[in-house]
Amino acid sequence: MSASLFHRLGAFVILCWLTVGLAACSSFVKAGDNRHNQPLSGAVVQGLRNMGSSANEAMLVRIFKEEAVLEVWKRTASGTYKLFKAYEICAFSGELGPKFKEGDRQSPEGFSTITPGLLHPKSNYYLAFNTGFPNKFDRAHGRTGSNLMVHGDCSSSGCYAMTDQGVAEIYALARDSFKGGNTSFQLQIFPFRMTTANLARHSSSPHMDFWKNIKTGYDLFELTKTPPAWDVCEGRYIFNPASSGPLNALGPCPPVIANAALTAKQQADNATLASQSEAAQKATDRKAAEDAALKQRSEAVSGFFGGIGGMFGGNPGQDPNIKPVISGKPASLPTPANARP
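Note that this is a predicted model, so its numbers are computed, not measured.

## Things to note about the pattern of salt bridges
Counted by the stated rule, this structure contains 16 salt bridges. Across the salt bridge formed by Glu169 and Lys85, the nearest N and O atoms sit 2.9 Å from each other. Here the residue Glu169 occupies a position in helix α4 (residues 164-179), and Lys85 occupies one in strand β3 (residues 81-88), the gap between them amounting to 84 residues. Take Glu169: its relative accessible area is 15%, and that puts it in the buried class. The partner of Lys215 in a salt bridge is Asp219, and the shortest N-O contact between them spans 2.7 Å. Placement of both Lys215 and Asp219 in helix α6 (residues 208-224) is noted, with a separation of four residues, approximately one turn of the helix. Accessibility classification places Lys215 together with Asp219 in one group, the buried group.

Here it is in structure tokens:
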């Protein structure tokens, strides 16, 4: 073998070794090109199996702002969904309530349908999926915004920020669900868990009508453990409409599929909410009255001690135009006797 051929062969072996080595290292880079293909851990796969589900099964995601929690639910062999895992939300922007316009730094609320095209494998915030804002409801109300994500990096400016580890697992669950043949998953975003107690605490909020509207979808899922079908008509969300095909967002609403359990729950909740809201208002009024009485007593005490002080240090309430007897200036010397008239 000639020296030239030997050198070429050696160079080829070294090149192959470098190629394999670099390819093997790329998966260990945090923001490497392969981060979106990280497999689910064995513990996650086993956990899904234990609950009667799998990575390829359908899923649903719920977000609760006030509790700072993101839940992943998975469909089981029975056809209903079970809670698989709750993830802590690092941060979200704004306050409780929906998003209205681009730049208001407010995180959205409502229902969305997440499709594979909304996944962002090359996100600057590690991994992400788009919330779909503005959805049909938001557009019907002229609301604006873009790139509202669930992402990593623990930093938010209108999005829902997770840890990198958390968003990697959520992303992988969504990816594998799509690989299983599911064309989408439902995202439900609420200001808080939609209990009557929580609604009563916020009974004076201008968003109450909107929250009561999306509570219907929340209640349906709580009762059936299956995602309700949602659409928009008359400018509001409608759940499980008894019709086929998309609705006109501002047009008339069709009937909904009857659900006796939902009707009973709504009637009971409305009565409880009215009672709790009344009690909350009375407590607010009582607190306001107590604060006013305390202020009045404080002013009376202040006036009393001010009066006592006036007995010794002058009357602070006297006419400021009257020259005080004691001016605080040195007295003038008396006129000599021989100079007096």
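## A closer look at the sheet that holds strand β6 (residues 119-120)
One open sheet holds the five strands; their spatial order is β4-β9-β8-β7-β6, and the pairing between them is mixed. Looking at strand neighbours, the two that pair on one side only are β4 (91-92) and β6, the edges of this open sheet. Across two bridges, strand β8 (residues 149-151) lies against strand β9 (residues 160-161) in parallel orientation. Across the sheet, His151 pairs through a bridge with Ala161, a residue of β9.

## Some remarks on the nonpolar core
It is characteristic of soluble globular proteins that their nonpolar side chains tend to be buried jointly. Counting residues in each nonpolar core, the largest one holds 32 residues, and the members touching the most others are Ile63, Leu70 and Leu173. Contributing elements (two or more residues each) for this core: α2 (42-50), β1 (59-64), β2 (69-75), β3, α4 and β10 (185-190). Among the nonpolar cores identified, the runner-up in size contains 22 residues, and Phe64, Phe111, Ile214 and Phe239 belong to it.

## Topic: the pairing of β10
For β10, a buried count of six out of six residues is recorded, marking the element as mostly surrounded by other parts of the structure. Burial of the side chains of β10 extends over both faces: Phe185, Leu187 and Ile189 are buried on one face and Gln186, Gln188 and Phe190 on the other. Bridge count between β1 and β10: five bridges; the pairing is parallel. By the bridge assignment for β10, Val61 is matched with Leu187. By the bridge criterion, five bridges tie strand β5 (residues 110-114) to β10 in an arrangement that is antiparallel. Paired with Gly110 across the two strands is Ile189, which belongs to β10.

Criteria and cut-off values
- Residues numbered from 1 in each chain as written.
- Predicted model: local features only at pLDDT ≥ 70, side-chain atom pairs only at ≥ 80, totals over all residues.
- Heavy atoms only, no water.
- Salt bridge = Lys/Arg side-chain N within 4 Å of Asp/Glu carboxyl O.
- Helix = DSSP H or I, 4+ residues; strand = E, 2+ residues; numbered from the N terminus.
- Buried < 20%, exposed > 50% of the residue type's maximum accessible area, 1.4 Å probe, protein only.
- Pairing = 2+ DSSP bridges.
- Core = buried A, V, L, I, M, F, W, Y, C linked by side-chain atoms within 4.5 Å.

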